[in-house]
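# Coordinate inspection notes
Each chain is listed here by its residues.
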Amino acid sequence: MPHIRVSDINLYYSACGKGPPIVFLAGLSLDTGTWDELDSHVEDEYRLVKVDCRGSGRSDVPRGPYSIEMLAEDIKHLALGLNLENAIVVGHSMGGFIALELARKKEKLVGGLVLISTSPTGKPEALGMSSKVARVFNRKTGPIEDIVRQNMEVGLGRRIWETNPQLVEREIRKRIARPPRGAGFMGQTEAANRFDVRGRLGGIGVP
């Protein structure tokens, strides 16, 4: 399994394909498995680099505090180690926070952004969540399968459950197989909750 030493931790990544690079950063507590369905569609045209951020998946899970700036610094050092420049950076949820931070700091890694289900802030009061969704996302105790299923129900929406239940079940099994780990989940949550670049988006000049 490929790991690279960045700062004070070992960061897990996977890479496949050839061509212009695309870097994938998953959401809070998620890992490289988030992107598995993409490989067969684009690996003939692009070099795909998927990363388990600090605190997630098969990367190290040090104690906090974490910050989005710290997570972005990890990705910067990964990019240097892998000679990645001018990549499309795909960020989902918290991964989008990291992508925005990298672009805002004009890191050579970032040639363009794809932002999925994310925002320029993670401050809970700014996200407009319903009380039901907030309760689900903030649940930290109970059987892991119950927690995963509830998160998937509110995160994916009803349509995909009805049209592609096999895909949903595969995703649930993957998440149960590598569940969030305490220190990493709490560190990433606190980092996401503090993130706010709403007043600094004008500094981002990539498409």
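Anyway, here's the lowdown on the structure attached to this text. (Residues numbered from 1 in each chain as written. Predicted model: local features only at pLDDT ≥ 70, side-chain atom pairs only at ≥ 80, totals over all residues. Heavy atoms only, no water.)

Summarising burial for strand E2 (residues 9-16): 6 of the 8 residues are buried, a large majority. Strand direction decides the pairing type here: strand E1 (residues 3-6) and E2, joined by 4 bridges, are antiparallel. Within E2, the position partnered with isoleucine 4 by the bridge is leucine 11. Linking two consecutive strands that pair antiparallel, namely E1 and E2, is a turn of 2 residues; a positive phi of about 55° is found at serine 7 within it. (Buried < 20%, exposed > 50% of the residue type's maximum accessible area, 1.4 Å probe, protein only. Helix = DSSP H or I, 4+ residues; strand = E, 2+ residues; numbered from the N terminus. Pairing = 2+ DSSP bridges.)

Viewed as axis vectors pointing N to C, helix H2 (residues 68-81) and helix H3 (residues 94-104) meet at an angle of 70°, and their least axial separation amounts to 9 Å. As the angle between them shows, H2 and H3 are arranged roughly perpendicular. Facing Ile68, Glu69, Leu71, Ala72, Ile75 and Lys76 of H2, the residues of H3 in contact are Met94, Phe97, Ile98, Glu101 and Leu102. Looking at the contact of H2 with H3 residue by residue, the class counts come to 8 nonpolar, no polar and 3 charged. (Axes fitted to C-alpha atoms, helices over the stretch in contact; angles between N-to-C directions. Parallel < 35°, antiparallel > 145°, perpendicular 65-115°, else oblique. Contact = heavy atoms within 4.5 Å. Nonpolar A, V, L, I, M, F, W, Y, C, P; charged D, E, K, R; others polar.)

The topology assignment puts proline 120 in the loop between strand E6 (110-116) and helix H4 (131-138). Judged by its relative accessible area of 25%, proline 120 is partly exposed. Ignoring anything within four residues of it in the chain, the contact list for proline 120 reads Leu100, Phe195, Asp196, Val197, Arg198 and Leu201.

Tallied over the full model, the rule gives 2 aromatic pairs. Residues phenylalanine 24 and tryptophan 35 carry aromatic rings whose centres are separated by 5.0 Å and whose planes lie at 45° to one another, so their mutual orientation is tilted. Of the two residues, phenylalanine 24 sits in strand E3 (residues 21-25) while tryptophan 35 sits in the loop between E3 and helix H1 (39-42), which places them 11 residues apart along the sequence. A residue is classified by how much of its surface remains accessible, and phenylalanine 24, at 6% relative accessible area, is buried. With centroids separated by 4.7 Å and ring planes inclined at 20°, the aromatic side chains of phenylalanine 97 and phenylalanine 195 adopt a geometry described as stacked. Taken together, the residues span a long stretch of sequence, with phenylalanine 97 in helix H3 and phenylalanine 195 in the segment after helix H8 (182-194) at a distance of 98 residues. Summarising the burial analysis for this pair, phenylalanine 97 and phenylalanine 195 share the class buried. The ring of tyrosine 12 is capped by arginine 58, whose NZ or CZ atom sits 4.3 Å from the centre of that ring. (Phe/Tyr/Trp six-rings, centres within 6.5 Å; stacked < 30°, edge-to-face > 60°. Lys NZ or Arg CZ within 6 Å of the ring centre and 35° of its normal.)

Counted by the stated rule, this structure contains 14 salt bridges. Here glutamate 73 ties to lysine 76 by a salt bridge, and the two come within 3.9 Å at their closest N and O atoms. Taken as a pair, glutamate 73 and lysine 76 lie in helix H2 at a separation of 3 residues, close to a single helical turn. Given the relative accessible area of 33%, glutamate 73 is considered partly exposed. Of the residues examined, lysine 76 reaches a relative accessible area of 26% and is grouped as partly exposed. The shortest N-O distance in the salt bridge between glutamate 169 and arginine 149 comes to 3.0 Å. (Salt bridge = Lys/Arg side-chain N within 4 Å of Asp/Glu carboxyl O.)

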